[in-house]
Amino acid sequence: MTAPTLDAIARPSGALAMVAMDQRESLRHMFDQAGAGRVADERLVAFKLDVARALSPLASGFLIDREYGVERAAPLLPGSCGLILAADALEQEPGGPVEETGLDEVVVAPESDLHGAVAIKLLVIWRRDARREQRVALARRFIEVAAARGVLSVLEPVVRATPEETAAGTWDAEAAIAEAARELSPLGPSLYKVQVPLGGRAAPAELERACAALGEAITGPWVVLSQGVDREDFAGAVRAACRGGASGFLAGRALWSDVVGRPDVPAALAEVSVPRLERLVELVDAEARPWTAA
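Reference entry: report on the structure contained in this document.

**Considerations on the packing of aromatic side chains**
What characterises a pair of aromatic rings is the spacing of the ring centres plus the angle enclosed by the ring planes. A full pass over the atoms with the stated rule returns three aromatic pairs. Judged by centre distance (5.6 Å) and plane angle (70°), the ring pair of phenylalanine 47 and tryptophan 256 falls under edge-to-face. In this pair, phenylalanine 47 sits in helix α2 (residues 41–55) while tryptophan 256 sits in helix α10 (residues 253–256), placing the two residues 209 residues apart along the sequence. Accessibility assignment for this pair places phenylalanine 47 and tryptophan 256 in one class, buried.

And the structure:
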């Protein structure tokens, strides 16, 4: 099967302005932190559906997971917003970070229902440890599965220190992000999703230089994620990334994290998250490198 092009998740400008709503236990923990306790599954799904209704009309792509709501979210998306289905199985303790990932065999099975998704996404936790080659093989298999299913592949490496690097004080996140990009982006995913250099916290010129250097390490079109970047810093981080060669963003927390746990989620999304996304869409239309030029 022939996969669609990135036009399926891009704006007419060729920029990508996509919303991530595939958090699972991380989202439950966010509710807990907001004072709502460890909410039931239906509360997670309801939140995801509210986000889909509010933000998908502005977004060029919408990422969601199989476990919590894809079959109910898919019909809510307008034709201008491509569905991206998470294909990662997460190893994560309640309240803790994702420690390791694999492929969700339900999603990648040849006969599985992708609910109209035009792309699938895989999170890879990248470390310099004994499992490094296994993760490369995992990423390669993911890209091959996506091609076989006729959908786009969105690869999302997130770098982590090994205990030895932490103990020795040798961990350099920026070097690791670039090293992961040189190792994994040449595998040929349709789109590479990457952490913002310097956590988005630097003077604009310095951040732009760091993003341009990262762009040189990445093969193919790329976008940035918002994890690890303060909400207030994210627009500047996206601008710097686009000037460094990025085609846009695929972001969740920077758009809606402070809406989690509010009593009237639709109203809060309309007041807080919609204007944020509108500003980011304007920014990438003006600043992003069109994916066709990457």
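**Brief notes about unusual backbone geometry**
Despite not being glycine, histidine 115 has its phi angle at roughly 60°, a positive value. Look at histidine 115 and you get partly exposed, because its relative accessible area is 27%. Notably, leucine 198 is not glycine yet its phi reads approximately 60°, a positive angle. Mapping leucine 198 onto the fold places it in the loop between β8 (191–194) and α8 (204–217). A relative accessible area of 25% means that leucine 198 is categorised as partly exposed.

**Some points on the environment of glutamate 232**
Structurally, glutamate 232 is set in helix α9 (residues 231–243). Residues glutamate 232 and glycine 200, 32 residues apart in the sequence, show an inter-C-alpha distance of 9.8 Å.

**Observations regarding the packing of α9 against helix α11 (residues 265–287)**
The contact between α9 and α11 brings their axes to 9 Å, and the two run at 15°. Relative to α11, α9 is oriented roughly parallel. Between α9 and α11 lies a crossing whose hand is right-handed. Here Arg231, Phe234, Ala235, Val238, Arg239, Cys242 and Arg243 of α9 come into contact with α11, specifically with Arg276, Leu280, Leu283, Val284 and Glu287.

**Brief notes about the side chain of serine 56**
Here serine 56 is to be found in the loop between α2 and β2 (61–64). For serine 56, a relative accessible area of 1% puts it in the buried group.

**A few points about the pairing of strand β4 (residues 88–92)**
Relative to strand β5 (residues 98–103), β4 runs antiparallel, the two sharing five bridges. Looking at β5, one finds that glutamine 92 is bridged to valine 98. What sits between the antiparallel neighbours β4 and β5 is a turn of five residues, in which glycine 95 has the positive phi angle 80°.

**What about the packing of α8 against α9?**
Contact geometry of α8 with α9 gives a least axis separation of 7 Å together with a crossing angle of 50°. For the element pair α8 / α9, the angle class is oblique. As α8 packs across α9, the resulting crossing turns out to be right-handed. Touching Leu207, Glu208 and Cys211 of α8 are Gly236, Ala237, Ala240, Ala241 and Arg243, all from α9. Considered class by class, the residues forming the contact of α8 with α9 number five nonpolar, one polar and two charged.

Procedures and definitions
- Here the residue numbering is sequential within each chain, running from 1 through the sequence in written order.
- Residue-level local features of this predicted model are given only where pLDDT is at least 70; pairs of side-chain atoms are given and counted only at 80 or more, and the full residue set underlies all totals for whole chains, interfaces and linings.
- The side-chain figures draw on all heavy atoms in the structure; neither hydrogens nor water molecules are used.
- Note on aromatic contacts: the rings of Phe and Tyr and the six-membered ring of Trp form a pair at centre separations within 6.5 Å, being stacked when their planes are under 30 degrees apart, edge-to-face when over 60 apart, and tilted otherwise.
- Segments assigned H or I by DSSP are reported as helices when at least four residues long, segments assigned E as strands when at least two residues long, and all are numbered from the N terminus.
- Relative accessibility under 20% of the residue-type maximum defines a buried residue, over 50% an exposed one, and the middle range a partly exposed one, all with a 1.4 Å probe and only protein chains included.
- Every axis corresponds to a line fitted to the C-alpha atoms, with the helix fit spanning only the stretch in contact, and the corresponding angles, defined between N-to-C directions, vary from 0 to 180 degrees.
- Each angle gets one of four labels, with under 35 degrees taken as roughly parallel, over 145 as roughly antiparallel, 65 to 115 as roughly perpendicular, and the rest as oblique.
- Helix crossings are classified by the rotation of the near helix relative to the far one: an anticlockwise turn of less than a right angle makes the crossing left-handed, while a clockwise turn makes it right-handed.
- Between two residues, a contact is recorded if the distance between any of their heavy atoms is within 4.5 Å.
- Any two strands with at least two DSSP bridges between them are considered paired.
- In this count, Pro and Cys sit with the nonpolar residues alongside Ala, Val, Leu, Ile, Met, Phe, Trp and Tyr, while Asp, Glu, Lys and Arg are called charged and the others, Gly among them, polar.

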